[in-house]
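Chain by chain, the residues run as shown.
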Amino acid sequence: MLGKAISKNSIALGLFAIATTAMIASTFLTTKDRIAEQERIAQAKALLEVISLERHNNSMLDDNLTIGPEPELGLKTEQKIFIARKDDELVGFIFPVVAPDGYSGNIKLIVGVNVDGSVAGVRALSHNETPGLGDKVDLKKSDWILSFNGKSLGNPVAELWKVKKDKGIFDQFTGATITPRAVTNAVYKALNYYAIHKAEILAASQAQQTTGDADTNSPDISSSDASDTEAINNGR
C-alpha cells in the first residue's frame, strides 16, 4: 500500500512539474513576444523622429541593409541601415552609430543622412552620461542634438566639425565637453562613411527595391580602398 501511495504521489508530482514547466515556458514566450513588439514600436518611433512620416511612405523597419562589424561607425556586430523611400524614390538612410568615447562610455546614436549627404536628424538612443551635464544629448533634456540638422561634410568645412572649445561651430555643454565632442565626431564619421560608400549603398538599395527583398544583406560596402577613407579623413 505504501509503495502504491508513493508511486501515485510521484506521478502526481511529475505531472505537476510538467504542467508548471509548460506554463512557465508559455508565459516566457508570451512575455518575450511582447517585449520584442515593444522594442519594435520604440525603434519605429525613434526612426520617425529622424525621418518623419511626411518624408517617406515605406516601412523603414522592414526596408534595410545589413552592415558590420564596422569600426568607422563604432559597430562591433551586424546592424541595419534603415532606408527611407517616398513613392519608390530614395529619400535617405538611418545609420546606427556608436560613439565609444563618451564621458561614461558608449553613446548609441542613430544618424539620418539624406541622399544628398546632409544630416536628416540625429538621436541618442542610449547613454550613461552624467545627469544634468552630458545627458543633454537627449532631446528630452535639450535641443542641442538638433544643431546637426542640415549639416554636411562641406557645411561646415571639415576643420569646423568640432565643438567650439576645439575651435569648431558646435556648442559644448556647460561643465561638459567630452560628451558633445564624442557625438560630434560620431556624426561626422557617419557622414564620412556615407560619402565613401554612397555608390554601393545606393546600388544595394535600388537592387533591393527591384527584387522586392525587404531584408537583404548589402554588398561588402566596408571593403572600399582604404586610401579613399584616408583621403576623406585627412581633409578634415
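Residues numbered from 1 in each chain as written. Predicted model: local features only at pLDDT ≥ 70, side-chain atom pairs only at ≥ 80, totals over all residues. Heavy atoms only, no water.

Engineer: Explain the packing of aromatic side chains to me, using residue names and the numbers behind them.
Structural biologist: Counting across every chain of the model gives 9 aromatic pairs. On the numbers, 6.1 Å between centres and 10 degrees between planes, the contact of F148 with W161 is stacked. Here F148, found in the loop between β5 (119–126) and α2 (178–211), pairs with W161, found in the loop between β5 and α2; they are 13 residues apart in sequence, far enough to count as distant. Of the two residues examined, F148 and W161, each falls in the buried class. Put simply, the rings of W144, F148, W161, F170, F173 and Y188 touch in pairs and so form one group of aromatic residues. (Phe/Tyr/Trp six-rings, centres within 6.5 Å; stacked < 30°, edge-to-face > 60°. Helix = DSSP H or I, 4+ residues; strand = E, 2+ residues; numbered from the N terminus. Buried < 20%, exposed > 50% of the residue type's maximum accessible area, 1.4 Å probe, protein only.)

Engineer: Which residues make up the pattern of salt bridges, and what values go with them?
Structural biologist: According to the stated counting rule, one finds 4 salt bridges in the structure shown. R123 is paired through a salt bridge with E49; the nearest N and O atoms lie 3.0 Å apart. Here the residue R123 occupies a position in strand β5, and E49 occupies one in helix α1 (residues 2–50), the gap between them amounting to 74 residues. The exposure class of R123 is buried, given its relative accessible area of 11%. Judged by its relative accessible area of 38%, E49 is partly exposed. D63 is the salt-bridge partner of R85, the closest N and O atoms lying 2.6 Å from each other. Placement of R85 in strand β2 (residues 79–86) and of D63 in the loop between α1 and β1 (64–67) is noted, with a sequence separation of 22 residues between them. A single burial state applies to R85 and to D63, both of which are buried. (Salt bridge = Lys/Arg side-chain N within 4 Å of Asp/Glu carboxyl O.)

Engineer: How would you sum up the environment of D171? Please name residues and give values.
Structural biologist: By secondary structure assignment, the location of D171 is in the loop between β5 and α2. Exposure remark for D171: the relative accessible area of 39% places this residue in the partly exposed category. C-alpha separation for the pair D171 and S147, spaced 24 residues apart in sequence, amounts to 8.7 Å. Setting aside chain neighbours within four positions, we find D171 in contact with W144, V163, K164 and P180. Within the structure, the side chain of D171 is placed 2.7 Å from the side chain of K164, a separation counted as a polar contact. (Contact = heavy atoms within 4.5 Å. Polar contact = N/O pair within 3.5 Å; in protein donor to acceptor, adjacent residues only side chain to side chain.)

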